[in-house]
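Structure assessment
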Amino acid sequence: MKIKVIGKYGRYAPFNAATNCYLIQSESGKNIVLDLGSGGLSGLQKYIDIKDIDMVIITHLHFDHASDLGVLAYSLGYLGLNKLKVYMPETPEILKECFVTNQFDITYINDKLRFNVDSIDFNFAKSPHPVETYSVIMTEKNKKLVYTSDCSMAGIIKSNTAGANVVIGDSCILQENHKIGAPHISVKELAENVPADCKLYLAHLTFGQENEILKEAKTFHPNAEIVKDFEL
């Protein structure tokens, strides 16, 4: 599979960038969108047309991961396109209702859900966060990629990423700024709890702290770098 980075920021993105959004392309050319935060739909169109999106997976219904899902629904209706398959959590109810539309064929995620797209096997693991959230675990030809999404417990990161060859990890809070009860683990905790021999890509970045985030991560995981396009 090929992974293109559409949005690598959390909370909000700087000019001409986007929050959490990735384009996963399977061996037959299917286009799977993983999270669709602010600016994501515009960024996607640098690579593919809206009509060529085959599926969307939303890890949780916070706006920096899901806001452009509503804009995507508008575009499907305006362009007269068929229903699109969307996987997303069922809660919070008030946010879910924003995205329940005739433009989407929705399947609600749980930690027992599993499906394949070509040779990519998708499954999901709960990730503690203020709203229902899932890490996405993708396996292809004995290689394992884990997108952590947001997580507040280092031990869950360790469990959800066990055996991974590549981890795309939520890395928005430096250790010096981390507080007990924060909705995200620190960069240090992320780096310490993913497999020591994996490739760690730092994502969900805080704008303006990219260099500090990279420095802290590399102190505890030398094979860390800011997320970029790659092939598994």
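These numbers were taken from a predicted model, which means no experiment stands behind them.

Thresholds applied
- Residues numbered from 1 in each chain as written.
- Predicted model: local features only at pLDDT ≥ 70, side-chain atom pairs only at ≥ 80, totals over all residues.
- Heavy atoms only, no water.
- Salt bridge = Lys/Arg side-chain N within 4 Å of Asp/Glu carboxyl O.
- Buried < 20%, exposed > 50% of the residue type's maximum accessible area, 1.4 Å probe, protein only.
- Pairing = 2+ DSSP bridges.
- Helix = DSSP H or I, 4+ residues; strand = E, 2+ residues; numbered from the N terminus.
- Contact = heavy atoms within 4.5 Å.
- Axes fitted to C-alpha atoms, helices over the stretch in contact; angles between N-to-C directions.
- Right-handed = clockwise from strand over helix to strand, strands pointing away.
- Phe/Tyr/Trp six-rings, centres within 6.5 Å; stacked < 30°, edge-to-face > 60°.

Points about the pattern of salt bridges
Applying the stated criterion across every chain yields a total of 11 salt bridges. As a salt-bridge pair, K51 and D52 come within 3.4 Å of each other at their nearest N and O atoms. The exposure class of K51 is exposed, given its relative accessible area of 54%. Classification of D52 as partly exposed rests on a relative accessible area of 29%. Notably, a salt bridge pairs R114 with D121, separated by 2.7 Å at the nearest N-O pair.

A closer look at the sheet that holds strand β5 (residues 84-88)
Across the sheet, which stays open at both edges, the 7 strands sit in the order β6-β5-β4-β3-β2-β1-β14 with mixed pairing between neighbours. Each having just a single partner strand, β6 (104-108) and β14 (230-231) make up the two edges of the open sheet. Here strand β1 (residues 2-7) runs beside strand β2 (residues 21-25); their pairing, made up of 5 bridges, is antiparallel. Its bridge partner lying in β2, G7 is registered against C21. Helix α2 (residues 63-79) contacts β3 (31-36), β4 (55-57), β5 and β6 of the sheet and is inclined by roughly 130° relative to β3.

Quick notes on the pairing of strand β11 (residues 166-170)
A large share of β11 lies buried, amounting to 5 of its 5 residues. The alternating pattern of β11 places V166, I168 and D170 and V167 and G169 on opposite faces, both of which are buried. A crossover connection joins strand β10 (residues 143-147) to the parallel β11 through helix α4 (residues 154-160); in handedness this β-α-β unit is right-handed. Across 5 bridges, β11 lies against strand β12 (residues 199-203) in parallel orientation. Bridging across to β12, I168 finds its partner in Y201. For the crossover that starts at β11, traverses helix α5 (residues 187-193) and ends in the parallel β12, the hand is right-handed.

Section: the packing of aromatic side chains
Within a pair of aromatic rings, the relevant descriptors are the distance that separates the centres and the angle that separates the planes. By the definition in use, this model includes 7 aromatic pairs. Pairing Y87 with F115 gives two aromatic rings, centres 4.3 Å apart and planes at 15°, and the pair type is stacked. Here Y87 is found in strand β5, whereas its partner F115 is found in strand β7 (residues 114-117), with 28 residues between them in sequence. When sorted by exposure, Y87 lands in the same class as F115, which is buried. For the ring pair Y201 and F230, a centre distance of 4.7 Å and an interplane angle of 20° mean the geometry is stacked. Here Y201, found in strand β12, pairs with F230, found in strand β14; they are 29 residues apart in sequence, far enough to count as distant. We classify Y201 as buried; its relative accessible area is 6%. The class of F230 is buried, set by a relative accessible area of 10%.

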